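# Observations on the model geometry
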Amino acid sequence: MSKGFFFAGPGGFPFAAFGMGRRSRFFESGEIRLTILSLLSEGPKHGYQLMKEMEERSGGMYKASAGSVYPTLQQLEDEGLVESAMIGGRRTYNLTAAGRKELENDPETVRRIWERATQAEDWSGLWSPETMFIYGPLIGLFKTGVQTVRRLGNTKDGAERICAILDKARRDLEAL
């Protein structure tokens, strides 16, 4: 069976990105800390740079706020995981040795964060004016697909035929 957008990622992502159902959080508990540490492992950054990079790497799906980034930076600094200095009139943050060690303690979570960000980036532009004209036909296709699954989906042949039709449509679009 093909991998549809409803099953693309952990926690239903990017299903939640479509605004269907409850509002999903991009970062789970504790992940903003790891995200900031990971970004700082690439080099010194100030808070605004961190916010912009989080937005860019998520394809615009996550817009970091000063109210989430700066308190987290302060906490990381209090814990000795980052240090800051005024450079060019901006408070710039660096990862400390303790911060690198903290980051290395959970590489799997860091990998999942950036994998999710990459998936989100793949969906960037989803709501752009250039794409608005296809939403009606997509909704019609979705509705027809669901109705057909209800009619034929209980049979192995029916589910395979539906997936084959949808996969062919996807391939035809990719070929354009």
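Residues numbered from 1 in each chain as written. Predicted model: local features only at pLDDT ≥ 70, side-chain atom pairs only at ≥ 80, totals over all residues. Heavy atoms only, no water.

## With respect to the pattern of salt bridges
Stated precisely, the cut-off is as follows: Counted as salt bridges are all cases of a side-chain nitrogen of Lys or Arg within 4 Å of a carboxyl oxygen of Asp or Glu. For every residue, the accessible area (1.4 Å probe, protein chains only) is compared with the maximum for its type, and the residue is labelled buried under 20%, exposed over 50%, or partly exposed between those bounds.
Enumeration according to the criterion identifies 11 salt bridges in this entry. With a shortest N-O distance of 3.1 Å, lysine 63 and glutamate 55 are connected by a salt bridge. With relative accessibility at 21%, the residue glutamate 55 sits in the partly exposed group. One salt-bridge network, held together by shared partners, links Arg33, Glu79 and Glu102.

## Looking at the sheet that holds strand 3 (residues 90–95)
What counts here: We treat two strands as partners when DSSP finds at least two bridges between them. In DSSP terms, a helix is any run of H or I states spanning at least four residues, a strand is any run of E spanning at least two, and both are numbered starting from the N terminus.
Strand order in this open sheet of three strands is 1-3-2, and the pairing throughout is antiparallel. On the outer flanks of this sheet lie strand 1 (45–46) and strand 2 (82–87), each paired with one strand and no other. By the bridge criterion, two bridges tie strand 1 to strand 3 in an arrangement that is antiparallel. What sits directly across from histidine 46, in strand 3, is threonine 92.

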